[in-house]
Amino acid sequence: MKFQDQKVSKGSSHISQKLQFEKDKYMLENMQYNMAFINELKNYNKINGNQISSTDKDKLLAQFQLKYKNYRKNWLNINKLVDENYNFKNPLCLDIETASICDLACPHCFREYIVTPDKIMKEDLYLKIMREVKKLEIPSIKLNWRGEPLLNPLIDKFISIAKQNGVLDVSINTNATTLDEKKSKKILNSGLDQIIFSFDGGTKRTYEKMRPGRFKDNKFDKIYENIKNFCLMKKKENKKFPITKIQMVMTKDSRNEVKNFHDLFSDLIDDVVITQYQERGGKMDDLLPEQKEKLDNYGKDNENKKINQYIAKVNGDILISEKRKPCDQIYQRLMVTYNGNVGMCCHDWGAKHCLGYLDADGIKDNEKDLRHVYDNTQKNKKGFELLKNIKMPEKYNEPEKKVSTLNDIWLGKELKKVRDKHNSSEINKIEICKNCSYKESYHWKKI
């Protein structure tokens, strides 16, 4: 097997026995099949009353490819592109929480430790967000955050609406628990650009330990079949999209299952990836004994230095954090909860450091939604038994209680305060940022 570092997600690796999959290259080479481009062609033909010429079609295709190139270039070089006020013109990505409910209770997820509402986003709020996405020409959206997007019955419609509004890159992360034949067909015909499967384990034992069901047992064999059947349906229908990606979090249990994981999916999935464990309350063992010994010995040899952040790569290398650096996320994206609260990144679970509100429902105290989950947990009701360690979320920032636009929030004072702290080496003065496990916000050295 070959391992290649991902361009994003520090410490994570593509694994393959053949040529590594390159998403950006694939997106550019297959732009003529991108539903945003196809919709633009249809609009052109409708407005002009005739078929577009081959010359004009090639020009339009080149424009879409250039838009995508610029989006990716800006993403990878964002810290070099901000202005003197630490602003960048528009978000490059918007993460929209189409569902905050999830049907799993993974021990390495924030959901097991922070109360999270079991809700889905209303269509009228989504349409409102899409109007702003189109106006700002946001090139990328991800239609999930804390929950399982396939639990929203309108998810395929939401994807199609995004493509109708010109979004170049639409993706979802899913656990595939409900990905049956009917839903697979809907997703394949929606225009989705990438589907990312979360599958933590190369064996039945590890997978079912890492991904237990909330409302019913979650079985390795069923989920594997769901993913396999989706991929086979895509192949049978000769679909270029969505790109398929699958990822496994590296823990002590899964580190010796990388080959198994690869062998399960390498003939089905475009991109097989292993990712770093990130501490979200589970305090799981993510190192093999020899890796732990290496890390402990380094600490002892350096005046018993406490090492809070590290990367244990699949090839055995250990990296430790030296210091913080300004985070790219605050210039790349925004997050929107099911009820319209806006947060700055996916590591701020549920926008505890809220930046603003896109809807009046977000301004209302959502204590009722939170309390419903908390009370059901205390009563040990079915579906809540595995959430016994949850606590009510803290509030680290309370912006002015008014409905704002995405642009107002993106260029507003709340996010500017965060950016200013990051760029004056005061990142640890922001409560939600100071212990963040996002690897790209650290400088690293190999030990």
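Whatever comes next refers back to the structure up there.
None of the values given here were measured: they were computed from a predicted structure. (Residues numbered from 1 in each chain as written. Predicted model: local features only at pLDDT ≥ 70, side-chain atom pairs only at ≥ 80, totals over all residues. Heavy atoms only, no water.)

Engineer: I'd like to hear about the sheet that holds strand β1 (residues 2–5), residue by residue, with values.
Structural biologist: Read from one edge to the other, the open sheet built from eleven strands follows the order β1-β2-β8-β7-β6-β5-β4-β3-β11-β12-β13, with strand pairing classed as mixed. Sheet topology places β1 and β13 (356–357) at the edges, where each strand pairs with a single neighbour. Here strand β2 (residues 13–16) pairs with strand β8 (residues 271–275) via two bridges, running antiparallel. The residue of β8 that forms the bridge with His14 is Val273. On top of the sheet, helix α4 (residues 123–136) reaches β3 (93–96), β4 (140–142) and β11 (333–336); it is set at about 180 degrees to β3, its chief contact. Along the sheet, helix α8 (residues 220–236) makes contact with β6 (194–198) and β7 (243–249), crossing β7 at roughly 160 degrees. (Pairing = 2+ DSSP bridges. Helix = DSSP H or I, 4+ residues; strand = E, 2+ residues; numbered from the N terminus. Contact = heavy atoms within 4.5 Å. Axes fitted to C-alpha atoms, helices over the stretch in contact; angles between N-to-C directions.)

Engineer: Lay out empty space enclosed by the protein in plain terms, naming residues and giving numbers.
Structural biologist: The full count for this structure, using the stated rule, is one cavity of 30 Å³ or more. By volume, the largest cavity amounts to about 110 Å³. Broken down by class, the residue content of the lining of the largest cavity amounts to nine nonpolar, two polar and one charged. (1 Å grid on protein atoms, 1.4 Å probe; cavity = no way out; pocket = protein on both sides within 12 Å on 5 of 7 lines; lining within 4 Å. Points joined across faces, edges and corners; volume = space filled by probe spheres on them. Nonpolar A, V, L, I, M, F, W, Y, C, P; charged D, E, K, R; others polar.)

Engineer: Describe α4, with residues and values.
Structural biologist: Because each turn of an α-helix spans 3.6 residues, side chains separated by three or four positions in sequence point in the same direction. Over its 14 residues, α4 extends 20 Å from the first C-alpha to the last, a length consistent with the 20 Å expected when each residue adds 1.5 Å. Leu125, Tyr126, Ile129, Met130, Glu132, Val133 and Leu136 are the residues of α4 that are buried. All buried residues of α4 project into a common sector of 165 degrees when viewed along the axis, lining one side. Of the exposed residues in α4, those oriented more than 90 degrees away from the buried face are Asp124, Arg131, Lys134 and Lys135. Contacts from the buried residues of α4 go to β3, β4, α5 (155–164), β11 and α14 (406–410). Just past α4, the residue Glu137 takes up positive phi, approximately 55 degrees. (Expected span 1.5 Å × (residues − 1). Buried < 20%, exposed > 50% of the residue type's maximum accessible area, 1.4 Å probe, protein only. Arc of directions from axis to C-beta.)

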